[in-house]
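Understanding the architecture of this molecule
Each chain, letter by letter, is given below.
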Amino acid sequence: MSEFLTIDKDNLQPLGGNIDDYPEGIVLPFDKPYRWTSADVVRKVKFIAQKHFHKKNLKVGHAGTLDPLATGVLLVCLGKATKQAEALQAEKKEYIAQIELGATTPCFDMEKEIDCTYPYEHITREMVEAAIPGFLGEQDQVPPVFSAKLIDGTRAYEMARAGEEVVMKPARITIYEMEIVEFELPRLVLRIKCSKGTYIRSIARDMGKALGSGGYLSGLVRTQSGGFHVGKALSMEDMGEIMKK
């Protein structure tokens, strides 16, 4: 992988005004704000960067989508670094996932209202520990209907919102690690290390089923994407320091 410039909290520095000074491009790891889409972040960075570099056709993209209700590491690539987005996206990810047991939602997170409730009082920490090994390793995972997966050129969530029947094809993923961070019914918090393309919302749903109940994702932080950690990720306000005139 080419040596692009990376700026994070440890080396916050203003950039020069010529993108050609960065022949391999720039990668900025952001801590994506809650309720922002990944596209919102790219749009904001692109607007500021185009003005800073005086380049209207500056390429800006991200490596690995985060849902609006999630926060954490989102890699934004500028210039030639956009060519590395696919390789960056292929790196392992780590998440802290908060799961609410005893209920489900149509989208497996809090974007929609609860549609079913289930008993959860029977669930013990030991049951969760016993269920975790069944989630590890390479496997086929069924993505949520309310997701950005393309079906015949149309986003699955667009079809679902239009009331169309959506059949999701399983995707091959790998779960490398999973451990309990917190267990206090009905809340379960897990640390999960996984491959690209993994839907943590689907894990929340499947964990609820495995425990004889329901489950949906009530909070999510991407703590790591490849070698990038959330503790060093930039805030949107840091753009003022980086793109300082």
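In this report, the structure presented in the accompanying data block is examined.

The rules behind these values
Residues numbered from 1 in each chain as written. Predicted model: local features only at pLDDT ≥ 70, side-chain atom pairs only at ≥ 80, totals over all residues. Heavy atoms only, no water. Helix = DSSP H or I, 4+ residues; strand = E, 2+ residues; numbered from the N terminus. Rg over C-alpha atoms; globule rule 2.2 N^0.38 Å. Buried < 20%, exposed > 50% of the residue type's maximum accessible area, 1.4 Å probe, protein only. Contact = heavy atoms within 4.5 Å. Lys, Arg positive; Asp, Glu negative; His and termini not counted. Charge placed at Lys NZ, Arg CZ, Asp CG, Glu CD. Core = buried A, V, L, I, M, F, W, Y, C linked by side-chain atoms within 4.5 Å. Phe/Tyr/Trp six-rings, centres within 6.5 Å; stacked < 30°, edge-to-face > 60°. Lys NZ or Arg CZ within 6 Å of the ring centre and 35° of its normal. Expected span 1.5 Å × (residues − 1). Arc of directions from axis to C-beta. Polar contact = N/O pair within 3.5 Å; in protein donor to acceptor, adjacent residues only side chain to side chain. Salt bridge = Lys/Arg side-chain N within 4 Å of Asp/Glu carboxyl O.

Summing up its helical and strand segments, the chain has six helices and 14 strands in all. A globule of 245 residues ought to have a C-alpha radius of gyration of about 18 Å, and the chain, at 19 Å, matches this closely. Taken along its principal axes, the extent of the C-alpha atoms in the chain is 60 × 40 × 30 Å. Of all 245 residues assigned to the chain, the portion counted as buried reaches 48%. For the chain, contacts bridging at least 24 residues in sequence account for 69% of all contacts bridging at least 6. The averaged location of the 34 negative side-chain charges in the chain is 7 Å from the averaged location of its 32 positive side-chain charges.

L28, V45, F53 and L78 are the most contacted members of the largest nonpolar core, which totals 48 residues. Examining the composition of this core, we find that five residues originate from one element, helix 1 (residues 38-53), more than from any other. In terms of nonpolar packing, the next biggest core, distinct from the first, is built from 10 residues, V27, L75, C77 and A85 among them.

Throughout the structure, instances matching the rule amount to one aromatic pair. Centroid distance Y22 to F53: 6.4 Å. Interplanar angle 70°. Geometry classified as edge-to-face. Residue Y22 is found in the loop between strand 1 (5-6) and strand 2 (26-32), and its partner F53 is found in helix 1; the two are separated by 31 residues along the sequence. Both residues of the pair, Y22 and F53, belong to the buried class. Seen from the ring of Y176, K92 lies directly overhead, with NZ or CZ sitting 4.3 Å from the centre.

Along its 16 residues, helix 1 runs 22 Å from first to last C-alpha, staying within 8% of the 22 Å computed at 1.5 Å per residue. Residues S38, V41, V42, V45, A49, H52 and F53 constitute the buried set of helix 1. Burial along helix 1 is one-sided: seen end-on, the buried residues are contained in an arc of 95°. Along helix 1, exposed side chains directed more than 90 degrees from the buried face belong to R43, F47 and K51. One or two residues past the end of helix 1 sits H54, with phi positive at roughly 55°.

Within the secondary structure layout, K93 lies in strand 5 (residues 93-101). A distance of 2.5 Å separates the side chain of K93 from the backbone oxygen of Q89, its partner in a polar contact. Here E91 takes part through its backbone oxygen, which lies 2.9 Å from a polar atom of the side chain of K93. Aside from chain neighbours lying at most four places away, what touches K93 is L88, I192, K193, C194, K196, R222, Q224 and S225.

Here we take up the pattern of salt bridges. Taken as a whole, this structure holds 12 salt bridges when the rule is applied. Measuring nitrogen to oxygen at the nearest pair gives 3.2 Å for the salt bridge that ties K232 to D10. Of the two residues, K232 is situated in the loop between strand 14 (228-229) and helix 6 (239-242) and D10 in the loop between strand 1 and strand 2; the sequence distance between them amounts to 222 residues. Among the residues examined, K232 registers a relative accessible area of 38% and is labelled partly exposed. The residue R172 makes a salt bridge to D140 at a minimum N-O spacing of 3.2 Å. You can see R172 sitting in strand 11 (residues 171-184) and its partner D140 sitting in strand 8 (residues 137-141), a full 32 residues away along the chain. Within the structure, one salt-bridge network assembled from shared partners comprises E94, E177, E179 and R191.

Its relative accessible area of 56% is what places D10 among the exposed residues. For the pair formed by D10 and A39, sequence separation is 29 residues and the distance between their alpha carbons is 25 Å. Of note is the side chain of D10, whose polar atom sits 3.2 Å from the side chain of K232.

Here the focus is unusual backbone geometry. Residue P186 follows L185 across a cis peptide bond; omega there is 5°. Position of P186 relative to the elements: it lies in the loop between strand 11 and strand 12 (187-194). We note that R35 has phi near 75°; this positive angle belongs to a residue other than glycine. If you trace the backbone, R35 turns up in the loop between strand 2 and helix 1. The exposed category is assigned to R35, whose relative accessible area is 56%. With a phi close to 55°, H54 is a non-glycine residue in the positive phi region. On the basis of relative accessibility, which here comes to 66%, the residue H54 falls in the exposed class.

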